[in-house]
Amino acid sequence: MWALASGRALSPRPGAELTKESPSWGCRRVHGELLVLGVKVGGADRLDRAATALTAEGAAFERLTEAEAAVRWPQLRLPGDVLFHPDASRVDPDATLPALQRQAERFGCDIRHSTPVTALEIDADRARAHTPSGTFTAPVAVVTVGPWTSRLLDHVVKLPALTVTQEQVFHLPPRDPSAVWPAFSFQAADGPIVYGMPTVDEGVKVAEHLGGHEVTPDDRDGVVDADARRRVLDFAAERLPGVEPAVSSETTCLYTNTADEDFLLDRVGPLVIGTACSGHGFKFTPLLGRMLADLAVGEAEPHPRFRLGIPAM
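The notes below deal with the structure included here. Along each chain, residues carry numbers from 1 onward, in the same order as the chain's sequence is written. Whole-chain, interface and lining totals are the exception, using all residues; otherwise, since this is a predicted model, local features are given only for residues with pLDDT of at least 70 and side-chain atom pairs are given and counted only at 80 or more. Excluding hydrogens and water, the side-chain values take into account all heavy atoms of the structure.

Let's talk about the sheet that holds strand β9 (residues 134-138)
Note on pairing: two strands pair once DSSP finds at least 2 bridges between them. Secondary structure elements are defined from DSSP: runs of H or I of at least 4 residues count as helices, runs of E of at least 2 residues count as strands, and each element is numbered from the N terminus. With respect to topology, three strands assemble into an open sheet ordered β7-β8-β9, the strand pairing being antiparallel. The two strands at the open ends of the sheet, each matched to only one other strand, are β7 (119-122) and β9. Ignoring strand direction, the axes of neighbouring strands in this sheet form an average angle of 15°. Across four bridges, the pairing between β7 and strand β8 (residues 127-131) is antiparallel. Each residue of the ladder has a partner; that of Glu121, found in β8, is Arg128. Here, axes are lines fitted to C-alpha atoms. For helices the fit covers the stretch in contact, and angles between N-to-C directions go from 0 to 180 degrees.

Structural data, given as structure tokens:
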């Protein structure tokens, strides 16, 4: 997404509205629960870090033994302790994305679909976006173009190394459609994070986090990796007795990754950059939108943790 700001925020201040049921926005918050799972070495300290973070925020959680978890969630076969966060939620993207666009239009945005930015120029107080439909100019440009970030901005600002990967997502049919599934995130000592959650009308979503291969946004083939499918089905056979050992649907998506998986949220002159969410940015949409809007209208300084570099001009 590309946004040109005329000098005022284009998003409402109370971003938390996006995370609760709101018929006027068409946004649906799907109530759920979260399990963080792991084994010794990689897993034990992961649970400790999650518990520390939740405690700092005053959030409710439980730490359960393997036996206690097996009674509560027989559809999962969980090795070792688990951390359970009962107040977690999921945001329905099919409802949320149109709601965000409607709200942006309400605040004055002119949304141009199928209008790619082919080049970007900035000077001290102006940004120019070149497109097949013409050149757009504004005092501030907010650039959130994900995997196209390096191609569009490398000549404009100094970026850290970004890696684009094609990831795979699988849906597996539950054996008992009435079973209540929590979202879960599991990491073994010698393997990637595998996560999952119930998905309306599609079954149980299961995928590896950062399990894909490197691509560019233009040469991605969209073909699901057979090895990734096999790994997910092997994981399901071992850890998810509550699903059928078959894939009902599958797709691919792109991650834009930094080395430490942190976001990039910064301002350089008339340019505001929000990118490299490393596969975990969507759930932070209200917060990230507010931070980018504050940067665009000059109401906040960039957070030191998410800064990127200096102008290459």
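Topic: the nonpolar core
Generally speaking, soluble globular proteins have nonpolar side chains that are buried together. Counting 24 residues, the largest nonpolar core has Leu35, Trp73, Leu76, Phe184, Val206 and Leu240 as its most contacted members. Only β5 (82-85), β11 (163-172), β12 (183-187), β14 (203-209) and α5 (226-239) provide two or more residues apiece to this core. No other element matches α5, which puts four residues into this core. The contact definition used throughout considers only heavy atoms, calling two residues in contact when any of these lie within 4.5 Å. Apart from the residues within four sequence positions on either side, Leu35 is in contact with Trp73, Leu76, Leu78, Val82, Leu83, Phe84, Pro182, Ala183, Phe184 and Ser185. We define a nonpolar core as any set of buried Ala, Val, Leu, Ile, Met, Phe, Trp, Tyr and Cys residues linked to one another through side-chain atoms lying within 4.5 Å. For every residue, the accessible area (1.4 Å probe, protein chains only) is compared with the maximum for its type, and the residue is labelled buried under 20%, exposed over 50%, or partly exposed between those bounds. Of all hydrophobic cores here, the second largest spans 18 residues; its members include Leu153, Leu162, Ala276 and Leu308.

Some words on the side chain of His171
Relative to the elements of secondary structure, His171 occurs in strand β11. What His171 contacts, discounting residues up to four positions off in sequence, is Thr199, Glu202, Val204, Lys205, Ala246, Val247, Ser248 and Ser249.

So, the side chain of Asp262
Locating Asp262 in the fold gives a position in the loop between β16 (249-257) and β17 (264-268). Within 3.5 Å is the distance limit for a polar contact, defined as a pair of N or O atoms, with the added protein rule that one can donate a hydrogen and the other accept it, and that residues adjacent in sequence qualify only through two side-chain atoms. A distance of 2.7 Å separates a polar atom in the side chain of Asp262 from a polar atom in the side chain of Arg305. Beyond its immediate stretch of four places on either side in the chain, Asp262 contacts Ala276, Ser278, Arg305 and Phe306.

So, α5
Working rule for helices: expected span equals 1.5 Å times residues minus one. Helix length check: α5, at 14 residues, gives a terminal C-alpha distance of 20 Å against a target of 20 Å (1.5 Å per residue), a fit within 8%. Buried residues of α5: Ala228, Val232, Phe235, Ala236 and Arg239, and no others. An end-on view of α5 places all buried positions within 100° of arc, on one side of the element. Those residues of α5 that are buried lie in contact with β11, β12, β13 (193-199) and β14. One side-chain oxygen of the residue at the start of α5 lies 2.7 Å from the amide nitrogen of Asp227, identifying that residue as Asp225. Throughout, the arc means the angular range of directions from the helix axis out to the C-beta atoms.

Description of helix α3 (residues 93-106)
Relative to the 20 Å expected for 14 residues at 1.5 Å per residue, α3 spans 20 Å between its end C-alpha atoms, a close match to the ideal helical length. If you check which residues of α3 are buried, you get Ala95, Thr96, Ala99, Gln103 and Ala104. The buried residues of α3 occupy an angular sector of 160° when the element is viewed end-on, so they sit on one face. Positioned one or two residues after α3, Gly108 has a phi angle of 105°, which is positive.

Regarding the pattern of salt bridges
Every case where a carboxyl oxygen of Asp or Glu lies within 4 Å of a side-chain nitrogen of Lys or Arg is listed as a salt bridge. In the structure shown here, the tally under the stated rule is 15 salt bridges. Glu62 is the partner of Arg72 in a salt bridge, and the nearest nitrogen-oxygen pair spans 3.0 Å. Of this pair, Arg72 sits in helix α2 (residues 66-72) while Glu62 sits in strand β4 (residues 62-64), and the two are ten residues apart along the sequence. Between Arg229 and Glu250 there is a salt bridge, and its shortest N-O distance comes to 2.9 Å.

Concerning unusual backbone geometry
One non-glycine residue, Asp201, lies in positive phi territory at about 65°. As for its placement among the helices and strands, Asp201 is situated in the loop between β13 and β14. Positive phi outside glycine occurs at Ser278, with the angle close to 50°. Positionally, Ser278 belongs in the loop between β18 (271-275) and α6 (285-296).

Overview of the environment of Glu62
Assessed through its relative accessible area of 34%, Glu62 is described here as partly exposed. Each C-alpha atom, one on Glu62 and one on Val82, is 8.3 Å from the other, the two residues being 20 residues apart in sequence. In contact with Glu62, not counting residues within four places along its chain, are Arg72, Val82, Leu83 and Phe84.

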